[in-house]
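Here is what each chain is made of, one letter per residue.
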Amino acid sequence: MTEPQDPESTRRLPTVEPAPPGGVLEMDQSASGSTYEPVSAPEQQPGGRAGRFWSGRRIPAALVALIVLGGTGLLLYDIAAVRADHPAMQWRRSAAADLASRHLDDVWVLAGSALAAALGLWLLLLALTPGLRALLPMSRRHTGVRAGLDRTAAALVLRDRAVEVAGVQSVRVKTSRRKATVRALSHFRELDDVRTDLDTVLSRAIGELGLARPPGLSVHVRRPAKKG
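Keep in mind it's a predicted model, so treat the numbers as computed, not measured. (Residues numbered from 1 in each chain as written. Predicted model: local features only at pLDDT ≥ 70, side-chain atom pairs only at ≥ 80, totals over all residues. Heavy atoms only, no water.)

Undergrad: Would you mind showing me how to read the overall build of the protein chain here?
TA: Of the regular secondary structure elements, the protein chain holds five helices and six strands. Starting at the N terminus, the α and β elements of the protein chain follow one another as β-α-α-α-β-β-α-β-β-α-β. Of all 228 residues assigned to the protein chain, the portion counted as buried reaches 26%. Counted over contacts in the protein chain with a minimum sequence separation of 6, partners at least 24 positions apart contribute 68%. For the protein chain, the exposed surface amounts to about 15800 Å²; the carbon and sulfur share of it is 62%. (Helix = DSSP H or I, 4+ residues; strand = E, 2+ residues; numbered from the N terminus. Buried < 20%, exposed > 50% of the residue type's maximum accessible area, 1.4 Å probe, protein only. Contact = heavy atoms within 4.5 Å. Areas by Shrake-Rupley, 256 points an atom, 1.4 Å probe, with all protein chains shown as cover.)

Pasting the structure below:
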């Protein structure tokens, strides 16, 4: 009588890397990687939609405010001085004379316009995007309560789970908002068996993180390089 198989362990079939033309695949250098299959997130959460956290961006806002305040104050002071029958500042007279003598197709005019447009687009991008890419939003269980998990902490959790798998010597984990990439070294057992166990363990670990949008999983297993 056969034992029922775990559906998570049979979700992905092991893949074997083909041998290179004219040669045999060396087992100590072989690799096996799982396909990128994002884990589906729950359609509706009890506490409401869990969106990304917005960054305050205090440093860019402070720099822009200081520049605008300084330029506006200097210009207002110069205008008030001119209205009081004092000569305009030398920098404003030089700038006005220089702009009056240059054409629109001048190199410096085009360069200044491109720089101003790039700065404007950068500010618009900062204003329209949430930021805080290193913070992963977690599922909302209660209304009015939001939580987030740092990507580094998520990578540490997955690494700790991966090193518990038999045959794994060392693991490197890189976590992004959409994908968790795991690269492991196995010093014994078949590579496909180790990769299958890692798929099962890490898929369960990603589900236990409680993320609103669980990332996909990509696992690569290979042998350690031979010394000497």
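Undergrad: Would you mind showing me how to read the side chain of R223 here?
TA: Along the chain, R223 turns up in the segment after β6 (216–222). No salt bridge is formed by the buried R223. Its closest oppositely charged neighbour is E190, at 5.1 Å. Within polar-contact distance, the side chain of R223 engages the backbone oxygen of S186 at 3.2 Å. Only 2.6 Å separates the side chain of R223 from the backbone oxygen of R189, close enough to count as a polar contact. (Lys, Arg positive; Asp, Glu negative; His and termini not counted. Salt bridge = Lys/Arg side-chain N within 4 Å of Asp/Glu carboxyl O. Polar contact = N/O pair within 3.5 Å; in protein donor to acceptor, adjacent residues only side chain to side chain.)

Undergrad: So what exactly am I meant to see when it comes to the pattern of salt bridges here?
TA: Any two side chains of opposite charge can pair if their charged atoms end up close together. In the structure shown here, the tally under the stated rule is seven salt bridges. R102 is the partner of D106 in a salt bridge, and the nearest nitrogen-oxygen pair spans 3.0 Å. In this structure, R159 engages D160 in a salt bridge whose closest nitrogen and oxygen atoms are separated by 3.7 Å. A single salt-bridge network, built from bridges that share partners, covers D98, R102 and D106.

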